[in-house]
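Fold and contact review
If you want the building blocks of each chain, they are given just below.
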Amino acid sequence: MKIDILSLFPDMFKGVFSESIIKRAIDNKLVEINIHNFRDYTKDPHNKVDDTPYGGGCGMVLTPQPIFDCVEKLKTKDSKVILLTPSGRPYKQKLAYSLSHEKHLIIICGHYEGFDERIRTLADIEISIGDYILTGGEIASMVLVDSITRLIPGVIKEQSHLEDSFNNNFLLDYPTYTKPRVYKGMEVPEVLLSGDHKKIEEYRKNESIKKTKELRPDLLEK
Ligand code: ADE
């Protein structure tokens, strides 16, 4: 998969994509990630990418020209263009799955107070990662790239994400333990040491339900 990200702050991405699973996916050529500074596309003589809003109001608004030119240069028939905005469709694991099957994603990070409404016409989908306002779409795009990349076949063991919370069953993950058996007086549940796989499966299912009831009762309603 190829992912092109349009941002005014390319340096923000340096650490995130050069560590751990994403780095390995890039090294193994399972994903290619390019960051484009759309300021490089502006035709403004002073390199501006934003301006004051028509009709008044506070803050600056991203102008359409640099983003249009950048997207138009990158776009092919296989591209899906994503616009990150707090007013977009709520991002969920199901959407991450469907995006992980795309060949090419172009992700536009908004910034400042907003973007010219005409930029929306470029997008195949508008996505919000949650009901809060970030300073820009950069961190949101990292969330997308991370959650999508781990689902690309070959990046992690398929079994690992088949068992993820939010997959199909709307249950949170069951609790897991490793060594030592006792830590600060807290013991690993006996059943996990029993070797009885049927009992372990039953225990995990019950714990999943218990945890979901406690932390995310809204999921059980589904
Ligand atoms: N840009 C600012 N806030 C955002 C959010 N919650 N989701 C996606 N993009 C954003």
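Residues numbered from 1 in each chain as written. Predicted model: local features only at pLDDT ≥ 70, side-chain atom pairs only at ≥ 80, totals over all residues. Heavy atoms only, no water.

If you check the shell around the ligand, you find L84, T85, P86, I127, S128, I129, G130, Y132, I133, L134, G136 and A140 and nothing else. One nitrogen or oxygen atom from the main chain of I129 is found 3.0 Å from a nitrogen atom belonging to the ligand. Out of a free accessible area of 260 Å², the ligand has 96% covered by protein chains. Only β5 (79–90) and β8 (125–128) provide two or more residues apiece to the shell around the ligand. Counting residues per element, the shell around the ligand draws most heavily on β5, at three residues. For the shell around the ligand, the residue count by class is eight nonpolar, four polar and no charged. (Near = heavy atom within 4 Å. Polar contact = N/O pair within 3.5 Å; in protein donor to acceptor, adjacent residues only side chain to side chain. Areas by Shrake-Rupley, 256 points an atom, 1.4 Å probe, with all protein chains shown as cover. Helix = DSSP H or I, 4+ residues; strand = E, 2+ residues; numbered from the N terminus. Nonpolar A, V, L, I, M, F, W, Y, C, P; charged D, E, K, R; others polar.)

This paragraph deals with the environment of V155. With respect to the element layout, V155 can be found in the loop between α4 (138–149) and α5 (158–162). Linking V155 and K14, residues 141 residues apart in sequence, is a C-alpha distance of 20 Å. What V155 contacts, discounting residues up to four positions off in sequence, is I21, R24, A25, L30, T149 and R150. (Contact = heavy atoms within 4.5 Å.)

Now for the domain arrangement of the chain. How large an interface is tends to be reported as the accessible area lost when its parts come together. The domain boundaries assigned to the chain delineate domain 1 (2–158) and domain 2 (165–220). Computed from C-alpha coordinates alone, the two centres of domain 1 and domain 2 are separated by 36 Å. (Domains from an automatic or database assignment.)

Before going further, it helps to spend a moment on the side chain of S7. Within the fold, S7 resides in strand β1 (residues 2–7). If we skip the residues at most four places from it in the chain, S7 touches F13, H36, N37, F38, C109 and E138.

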